[in-house]
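Architecture and fold: a report
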Amino acid sequence: MILAGDVGGTKTNFGVFNPDGGDLVPLVQGTFLTKDYPSMEKMLEAFLSDKKLAISSASFGIAAPIVDGHSDSPNIPWSVNLADLRRQLNIPEVALINDLQAMALGIVALPDESFVLVKEGTADPRGCRGVIAAGTGLGEAALAWTPAGYRVLPSEGGHGDFAPTSELEIDLLRYLLREFKRASYERVLSGPGLVNIYRFLKEYRKAVEPAWLTEAFAGRDAGEVITDMALTERDALCAEAVDLFVCIYGAESGNMALNFLATGGIYLGGGIAPKILSRLKEGAFAKAFTDKGRLSPILSQIPVRVIMDTRAPLFGAAQHALSLKHSNGGDAS
């Protein structure tokens, strides 16, 4: 049996799979709130405590860079060590991979109905693909074609410097620099990033927040409230915040397409894109994506799809665990 995990800043998903002739058949899955547990080991213990399964290999996608079998994340309250997991599971074939590496591996195996097209284009079947995912944080990865199939190129591009493309975004940059001393794309393109955009606009527009909205913020995640208010057109400032988010998402997705010459397409992962699908289809995203000066004709040919299947990173981690089983290797990739 194969054990896989998708460890995020908000939620963690675990699954046990049976590799049936190369296909991954899910046997059992579980979801946990990451910050409810003091360590990865304790959360894994809770998942496995009532299961009698012979695990032969395991792989965990984590929202953090992996260095020498160790991960520290700004969005996860504890570190993860490969050696500790090997001791706990008592098997050598255990790996830690970046969460976007897991997501990228997952999209290769997903059926076409797992995606929704938000920008037209013609994908090169062997062209590089890019994956960019806004959720609790912002993750990026690329898939490069090789004779043996696609190889994932991990990245921490979400922490790259935010580059404004309009006068309004320049003022947003100034706001972020004042608040955080440094402005990365993750400070904008994430759940907390959407809240940063809203707070900036409230200050910039000198807007007075209605009492009912303040009350809504007090009882729920602020990013979810902003999204809901925007999609239902209940608050103009929330709508403007989501629209600005969409434009910046399009611009950075286009940057990624240029960085990797991603003629195989760009894929939007994470929890935010499926929720704002209607906004992503309206045209502002595609315009910002394509607006790259002399390189715009290339960008116009690259399709963009939203990953609708939330299990993509879990299946990708399972696929990686299967490769460990076949190669008899277990080093952190």
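Residues numbered from 1 in each chain as written. Predicted model: local features only at pLDDT ≥ 70, side-chain atom pairs only at ≥ 80, totals over all residues. Heavy atoms only, no water.

**Some details on the packing of helix H7 (residues 222-231) against helix H8 (residues 236-260)**
Viewed as axis vectors pointing N to C, H7 and H8 meet at an angle of 105°, and their least axial separation amounts to 7 Å. Between H7 and H8, the angle falls in the class roughly perpendicular. Packed against H7, whose contacting residues are Ile226, Thr227, Met229 and Ala230, the element H8 presents Cys238, Ala239, Ala241 and Val242 at the interface. Broken down by class, the residue content of the contact of H7 with H8 amounts to 7 nonpolar, 1 polar and no charged. (Axes fitted to C-alpha atoms, helices over the stretch in contact; angles between N-to-C directions. Helix = DSSP H or I, 4+ residues; strand = E, 2+ residues; numbered from the N terminus. Parallel < 35°, antiparallel > 145°, perpendicular 65-115°, else oblique. Contact = heavy atoms within 4.5 Å. Nonpolar A, V, L, I, M, F, W, Y, C, P; charged D, E, K, R; others polar.)

**Focus on the sheet that holds strand E4 (residues 57-62)**
Taken in spatial order, the 5 strands line up as E3-E2-E1-E4-E8 in an open sheet, and their pairing is mixed. A single partner strand is all that each edge strand has here, and the edge strands are strand E3 (23-33) and strand E8 (94-98). The average angle at which neighbouring strand axes cross in this sheet is 20°, direction not considered. Taken together, the 10 bridges between strand E2 (residues 11-20) and E3 define a ladder with antiparallel strand orientation. Bridged to asparagine 18 within E3 is valine 25. Running at roughly 55° to E2, helix H1 (residues 40-48) makes contact with strand E1 (2-7), E2, E3 and E4 of the sheet. (Pairing = 2+ DSSP bridges.)

**Topic: the pattern of salt bridges**
What the rule picks out here adds up to 12 salt bridges. Note that aspartate 171 is salt-bridged to arginine 174, the shortest N-O span being 2.9 Å. Of this pair, aspartate 171 and arginine 174 both sit in helix H4 (residues 167-180), 3 residues apart, roughly one helical turn. Between arginine 205 and glutamate 240 there is a salt bridge, with its nearest N and O atoms 2.5 Å apart. (Salt bridge = Lys/Arg side-chain N within 4 Å of Asp/Glu carboxyl O.)

**Points about the packing of aromatic side chains**
Scanning the entire structure with this criterion turns up 15 aromatic pairs. With centroids separated by 5.7 Å and ring planes inclined at 80°, the aromatic side chains of phenylalanine 32 and tyrosine 37 adopt a geometry described as edge-to-face. Exposure remark for phenylalanine 32: the relative accessible area of 14% places this residue in the buried category. Taking 5.8 Å as the distance between ring centres and 55° as the angle between the ring planes, the aromatic pair formed by tyrosine 175 and phenylalanine 200 counts as tilted. Residue tyrosine 175 is located in helix H4, and its partner phenylalanine 200 is located in helix H5 (residues 191-204); the two are separated by 25 residues in the primary sequence. Accessibility assignment for this pair places tyrosine 175 and phenylalanine 200 in one class, buried. Aromatic rings pair up to connect Phe14, Phe32, Tyr37, Phe47 and Phe60 into one cluster. Between arginine 187 and the ring centre of phenylalanine 180, over which it is positioned, the NZ or CZ distance is 4.0 Å. (Phe/Tyr/Trp six-rings, centres within 6.5 Å; stacked < 30°, edge-to-face > 60°. Buried < 20%, exposed > 50% of the residue type's maximum accessible area, 1.4 Å probe, protein only. Lys NZ or Arg CZ within 6 Å of the ring centre and 35° of its normal.)

**What to know about the nonpolar core**
Judged by nonpolar contacts, the single largest core of 52 residues is most densely connected at Phe162, Leu172, Ile226, Phe245, Ile266, Leu268 and Leu280. By residue number, the principal contributor to this core is H8, which donates 12 residues. Discounting chain neighbours no more than four positions away, the residues touching leucine 280 are Val118, Val246, Leu268, Ala273, Phe285 and Val306. Grouped together as the second largest cluster of nonpolar side chains are 28 residues, Ala4, Ile97, Ala102 and Ala141 included. (Core = buried A, V, L, I, M, F, W, Y, C linked by side-chain atoms within 4.5 Å.)

**Brief notes about the sheet that holds strand E11 (residues 138-146)**
The pairing of strands in a sheet happens through backbone hydrogen bonds and is either parallel or antiparallel. Strands sit in the order E9-E14-E13-E10-E11-E12 across an open sheet of 6 strands; the sheet is mixed. At either margin of the open sheet sits one strand with a lone partner, and together these are strand E9 (115-119) and strand E12 (149-155). Across the sheet, the mean angle separating the axes of adjacent strands is 25° when strand polarity is ignored. Pairing of E11 with E12, which is carried by 7 bridges, proceeds in the antiparallel orientation. Across the sheet, residue leucine 143 finds its bridge partner in E12, namely valine 152. Against the sheet, H8 touches strand E10 (129-134), E11, E12 and strand E13 (265-269), its axis set at about 150° to E10.

**Focus on unusual backbone geometry**
With phi around 50°, aspartate 68 is a residue other than glycine that occupies positive phi space. Tracing the backbone through its elements, the reader meets aspartate 68 in the loop between strand E5 (66-67) and strand E6 (70-71). Despite not being glycine, lysine 181 has its phi angle at roughly 75°, a positive value. Tracing the sequence through the fold places lysine 181 in the loop between H4 and H5. A residue is classified by how much of its surface remains accessible, and lysine 181, at 71% relative accessible area, is exposed.

**Overview of helix H2 (residues 82-89)**
Those residues of H2 that sit buried are Leu82, Leu85 and Leu89. Projection of H2 onto a plane perpendicular to its axis shows the buried side chains occupying an angular sector of 60°, all on one side. Buried residues along H2 sit against E1, H1, E4, strand E7 (80-81) and E8. Remark: asparagine 90 follows H2 within two positions and exhibits a positive phi of approximately 60°. (Arc of directions from axis to C-beta.)

**Overview of a nonpolar patch on the surface**
Residues Met1, Val25, Leu27 and Leu53 make up a contiguous nonpolar surface patch of about 290 Å² in total accessible area. Considering the arrangement of structural elements, one finds leucine 27 in strand E3. In this structure leucine 27 comes out as partly exposed when scored by relative accessible area, which is 44%. (Patch = residues over 30% accessible without salt bridge, like charges linked within 9 Å, V, L, I, M, F, W, Y side chains within 5 Å. Areas by Shrake-Rupley, 256 points an atom, 1.4 Å probe, with all protein chains shown as cover.)

Purely geometric numbers; function is a separate question.
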